[in-house]
Amino acid sequence: MVFPNPLSLILVMLIFIPLERLLTLRREQGIFRRSWQLDSTYFLLNGIFIGAGLKLILLAALVLSALIVPSEFRSWVGSRPFWIQLPVVLLLSDLGFYAAHRMFHKIPWLWRFHAVHHSIEEMDWLAAHRVHPFDQILTKGASILPIIALGFSPDVIAAYAALYQWQSLLIHSNVKINFGPLARIFASPHFHHWHHANHKEAYDKNFAGQLSFLDALFGTLHMPANQMPEKYGTNMPVPKSYGSQLAYPFQPDVYKPVKQATPQEP
Ligand SMILES: [Zn+2]
Ligand SMILES: [Zn+2]
């Protein structure tokens, strides 16, 4: 998540704090739950690193686009009506998000970075910001690079970016909102809370950022009806402070293989 200034923090607080009080999922969880200071630090500082990384991605997308995609095709794409471009952008960007997110779960050295996000044990709008910058830059990069390179218009990309930001806050929130049949299409709090569940049957499920039907399509959907997880988090030993979490993936002993006991000679 990237928010440009402290004013956006106030706006987000004005919307999500009352929303979480009105439609509370877990009553026992207060505004100042454990680790709220850590997640506020992510909110305030992460944007500096992520903004710089995304500028590089943008540059790469423009170079790639000029080299590979014919300019006539880009102009044709960018001149389609807004309401045609937007669903296509949502689909393409979330396919990129899905692929990158799944890789972060499957490849051990990438999982070190993503485990930081999965260290969240109490879900709310603020916790959405606890993402290692490297993780956020790569995942966001995979979702925005194709849509910029293909020439979708800047106002469509801006609308998509706004939708992504607000939906990401909502799906992490401590809220009970029923999306009804739309939950089969769009990612909801129910869908993403299960992604964060520390339940064996929920590991490596629900990778989509915005379109839950992608998980149904690729066989990774786990959304038990009328049931929310009992426990969130990861079994990885992720430290508790901002600096140590940023350094955590670079520690050489993070993935030290567990030594098997050697069978004793008879
Ligand atoms: Zn994940
Ligand atoms: Zn999440």
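Whatever comes next refers back to the structure up there.
Notes on the structure in this doc start here. (Residues numbered from 1 in each chain as written. Chains lettered and ligands numbered in written order. Predicted model: local features only at pLDDT ≥ 70, side-chain atom pairs only at ≥ 80, totals over all residues. Heavy atoms only, no water.)

1. Thoughts on the overall build of the protein
In terms of regular secondary structure, the protein is built from 10 helices and zero strands. Its helices and strands taken in sequence order, the protein reads α-α-α-α-α-α-α-α-α-α from the N to the C terminus. Against the compact-globule benchmark of 18 Å for 266 residues, the protein has a radius of gyration of 20 Å, which places it among compact chains. Viewed in the frame of its principal axes, the protein has a C-alpha envelope of about 75 × 50 × 35 Å. Residues counted as buried form 48% of the 266 residues belonging to the protein. Long-range pairs, those at least 24 residues apart, make up 76% of the contacts in the protein with a sequence separation of at least 6. (Helix = DSSP H or I, 4+ residues; strand = E, 2+ residues; numbered from the N terminus. Rg over C-alpha atoms; globule rule 2.2 N^0.38 Å. Buried < 20%, exposed > 50% of the residue type's maximum accessible area, 1.4 Å probe, protein only. Contact = heavy atoms within 4.5 Å.)

2. Section: the pattern of salt bridges
Here the structure, examined in full by the defined rule, presents six salt bridges. Put simply, Lys106 and Asp204 hold a salt bridge, and the shortest N to O gap is 3.6 Å. Taken as a pair, Lys106 in helix H4 (residues 82–106) and Asp204 in the loop between helix H8 (189–195) and helix H9 (213–218) lie far apart in primary sequence, 98 residues in all. Accessibility expressed as a relative area gives 29% for Asp204, which makes it partly exposed. Residues joined by salt bridges that share partners form a network here, namely Arg33, Asp39, Asp124 and Arg130. (Salt bridge = Lys/Arg side-chain N within 4 Å of Asp/Glu carboxyl O.)

3. Section: the packing of helix H6 (residues 133–149) against helix H7 (residues 154–172)
Helix-helix packing: each pair is described by the crossing angle between the helix axes and the interaxial distance. At their nearest, the axes of H6 and H7 sit 12 Å apart, and the two run at 150° to each other. As judged from the angle between their axes, H6 and H7 are roughly antiparallel. In terms of crossing hand, the pair formed by H6 and H7 is right-handed. On H7, the residues that touch Gln136, Lys140, Ser143, Ile144, Ile147 and Ile148 of H6 are Ile157, Tyr160 and Tyr164. (Axes fitted to C-alpha atoms, helices over the stretch in contact; angles between N-to-C directions. Parallel < 35°, antiparallel > 145°, perpendicular 65-115°, else oblique. Left-handed = near helix turned anticlockwise from the far one by under 90°.)

In short, geometric facts, not functional conclusions.
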